[in-house]
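Per-entry structural report
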2 protein chains.
Amino acid sequence: MTDIDTDNSPIPERKRGSGVKMVYDLLRDEILDLVLPPGSPIDEVQLAERLKMSRTPIREALVRLAGEGLIDTLPNRSTMVANIDFLNLNPFFDALVLMYRVTTRLAAQNHRPEDLAVIRGFHEDYAAAVKSRDALTMIATNAAFHAAIAEAGRNPYFTSLFRRLLDEGRRILRLYYQSYEEQFPQRFVDEHAAIIAAIAARDIEAADRLGKAHAEQIVEQVQKLFARNNKLDIAL
Amino acid sequence: MTDIDTDNSPIPERKRGSGVKMVYDLLRDEILDLVLPPGSPIDEVQLAERLKMSRTPIREALVRLAGEGLIDTLPNRSTMVANIDFLNLNPFFDALVLMYRVTTRLAAQNHRPEDLAVIRGFHEDYAAAVKSRDALTMIATNAAFHAAIAEAGRNPYFTSLFRRLLDEGRRILRLYYQSYEEQFPQRFVDEHAAIIAAIAARDIEAADRLGKAHAEQIVEQVQKLFARNNKLDIAL
DNA sequence: TGTATTTTTCTTGTCGACAAATAAAATACA
DNA sequence: TGTATTTTATTTGTCGACAAGAAAAATACA
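Procedures and definitions
- Residues numbered from 1 in each chain as written.
- Chains lettered and ligands numbered in written order.
- Predicted model: local features only at pLDDT ≥ 70, side-chain atom pairs only at ≥ 80, totals over all residues.
- Heavy atoms only, no water.
- Helix = DSSP H or I, 4+ residues; strand = E, 2+ residues; numbered from the N terminus.
- Expected span 1.5 Å × (residues − 1).
- Buried < 20%, exposed > 50% of the residue type's maximum accessible area, 1.4 Å probe, protein only.
- Near = heavy atom within 4 Å.
- Polar contact = N/O pair within 3.5 Å; in protein donor to acceptor, adjacent residues only side chain to side chain.
- Least-squares fit on C-alpha atoms with pLDDT ≥ 70 in both.
- Contact = heavy atoms within 4.5 Å.
- Pairing = 2+ DSSP bridges.
- Core = buried A, V, L, I, M, F, W, Y, C linked by side-chain atoms within 4.5 Å.
- Axes fitted to C-alpha atoms, helices over the stretch in contact; angles between N-to-C directions.
- Parallel < 35°, antiparallel > 145°, perpendicular 65-115°, else oblique.
- Left-handed = near helix turned anticlockwise from the far one by under 90°.
- Nonpolar A, V, L, I, M, F, W, Y, C, P; charged D, E, K, R; others polar.
- Buried area = accessible area lost by both parts, 1.4 Å probe.

**What about helix 4 (residues 90-110) of chain B?**
Taking 1.5 Å of rise per residue, the 21 residues of helix 4 of chain B would be expected to cover 30 Å, and the 30 Å separating its terminal C-alpha atoms lies within 8% of that figure. Burial analysis of helix 4 of chain B places 15 of its 21 residues in the buried class, which makes it a mostly covered element.

**Points about the protein's contact with DNA strand C**
Lining the immediate surroundings of DNA strand C are 22 residues, of which Arg16(A), Ser54(A), Arg77(A), Arg55(B) and Arg59(B) lie closest. In the environment of DNA strand C, a phosphate oxygen lies 2.4 Å from a nitrogen or oxygen atom belonging to the backbone of Ser54(A).

**Describing the relation of the copies chain A and chain B**
When chain A is brought onto chain B, the operation consists of a screw motion whose angular component is 180° and whose axial shift is 0.0 Å, with 0.0 Å RMSD remaining. A rotation of that kind, with that shift, is consistent with a two-fold axis. The residues that chain A uses at the interface reappear at the interface of chain B in 100% of cases, marking a shared surface.

**So, the sheet that holds strand 1 (residues 41-42) of chain B**
All names here are of chain B. Spatially, 1-3-2 is the arrangement adopted by the three strands of the open sheet, whose pairing is antiparallel. Pairing within the sheet leaves two strands with one partner each, and these edge strands are strand 1 and strand 2 (71-73). Inspection of the sheet shows strand 1 paired to strand 3 (residues 79-81) by two bridges, in the antiparallel sense. Note that in strand 3 the partner of Ile 42 across the bridge is Thr 79.

**Quick word on the sheet that holds strand 1 (residues 41-42) of chain A**
Residue and element names in this part refer to chain A. Reading across from one edge, 1-3-2 is the order of the three strands in this open sheet, with antiparallel pairing throughout. Looking at the sheet topology across the chains shown, the edges are occupied by strand 1 and strand 2 (71-73). Note: strand 2 against strand 3 (residues 79-81), three bridges, orientation antiparallel. When the bridges of strand 3 are listed, Thr 73 appears paired with Thr 79.

**Quick word on the nonpolar core**
Within the largest apolar cluster, 78 residues are counted, with the highest numbers of intra-cluster contacts made by Met99(A) and Met99(B). Here Met99(B) is in contact with Leu98(A), Met99(A), Phe158(B), Leu161(B), Phe162(B) and Leu165(B), once residues within four sequence places are set aside.

**Things to note about the packing of helix 4 (residues 90-110) of chain A against helix 4 of chain B**
Following both chains from N to C, one finds helix 4 of chain A and helix 4 of chain B inclined at 155°, their axes separated by 13 Å at the closest point. Accordingly, the angle class assigned to the pair helix 4 of chain A and helix 4 of chain B is roughly antiparallel. Pair helix 4 of chain A / helix 4 of chain B crosses with right-handed handedness. Counted together, Leu98(A), Met99(A) and Val102(A) of helix 4 of chain A and Leu98(B), Met99(B) and Val102(B) of helix 4 of chain B form the full contact between these two elements. Taken together, the residues that form the contact of helix 4 of chain A with helix 4 of chain B break down as six nonpolar, no polar and no charged.

**A few points about the protein's contact with DNA strand D**
The environment of DNA strand D is formed by 18 residues, the closest being Arg55(A), Arg59(A), Arg16(B), Ser54(B) and Arg77(B). Sugar and phosphate atoms form 61% of the subset of DNA strand D atoms that lie within 4 Å of the protein. At 3.2 Å from a phosphate oxygen of DNA strand D is found a side-chain nitrogen or oxygen belonging to Arg14(B). Measuring from a phosphate oxygen of DNA strand D, one finds a backbone N or O atom of Gly19(B) at 3.0 Å.

**Some thoughts on the interface of chain A and chain B**
In this assembly, 23 residues from chain A lie in contact with 23 residues from chain B. When chain A packs against chain B, close to 2,100 Å² is buried across both sides, 64% of that on carbon and sulfur atoms. On the chain A side of the contact with chain B, Glu60(A), Val63(A) and Tyr157(A) bury the most area, a combined 30% of that side's loss. Where chain A meets chain B, there are eight residue pairs in polar contact (both at pLDDT 80 or more). Of all the secondary-structure elements, those providing two or more residues to the side of chain A that touches chain B are helix 3 (55-67), helix 4 and helix 7 (156-176) of chain A. At eight residues, helix 7 of chain A tops the list of elements feeding residues into the side of chain A that touches chain B.

Following this line, the structure appears as structure tokens:
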């Protein structure tokens, strides 16, 4: 309602065809970083004004986000950021652990030399984020690291499911990492290094084992954070 | 080009909001039944005329289909039915076998009584289709049967990936089942019955084993059909 | 005849407008 | 004051139109 941003539009013109992708990327980032928390209403008209474009490309971006489960659309009514079913994260954890295993295993089996460079790049980004205690970057680069491993596994079906799970993981982690956590990150840096080594050595069984262990570590940590937070919630 | 269907439109009016779903369902069916074979161009304007609606809801349906990998969209150019990578079906088979196992196992673990009724319903539909040697219905009900099992497993992440794989499977099977196959179907009816029994008994290990065996049977059959067909292709 | 350049045709991406569906507000009634 | 009904306002789903890009056709030139 307050008429801010009267004249600070650094995007006077846009290339044809870039509209949907721009909206999609923007909303996706804002959703995954919890700038738009679960349940937030999404107003097409407001977005159209903010981005200075018509509702058509915005709607198409919303359809895409809905297809990926990031937003929910009630027919003829509002559309809002998808909620997270905190009461039962088991299906999420089950799928996550399995995909960690499968993708790491396939990466050991099918990766090409150039894949390793990409993976190592994200590994270093993650390590840097841990060092500088930047939670948001940590979460994002961790997801990128594992997505890169999945790509190296060369199974698009697994990759796309895993990407979706990693996205959801970003939201969940973000929720519990407003402030940084002490021992969580460094251990993961080491585990990542071990996973890379197993993949590079094409040791499929080791990759599988490490992937599984890593996944279970993460799940355990999240559940721990969760239990603690639930107590806080009850305390309120 | 031939101007058929000049006046046989039994859909003079449509409910508001049903547009996209109608187009989505129609195109999805036509794609999965190979009425629109891989590579077919999809013309928005033509569709708009055929369905007597504007291009907007059609485009939104296309965005959704693209998200599920059923169509490919080249920016500023044509959009067409997604191709099938026949040269390397291994990623597909890998994902399919794993999802067969996982969903069957989870169904044994998590199903509720009402789920069994649904599953048995599709089982009977499939058996009936086999008896009447109706290939198209056979393929569709087989997919519905396994999708129902996945639903009973209650893991939406696995379910949605499996649905996508079953869809792709429908296209592949359809390609090689123009005419019916002799021994293929009946064996599968029996295997389906065994799977149902394992699920009903909540025998998780048996469900896993049967699901895996069933999946590998299917993969083997498809590969056999494939090898034979490749010879025919070469012979041409 | 074959290649390069311009013109035309076609398709897509985006826009502004309008009407249906719903929610919110206002009013009537008990 | 509390509930039911009408009125208003908001938001969504759909439409027809138009211009940007790309493909196809036509033309120029060697």
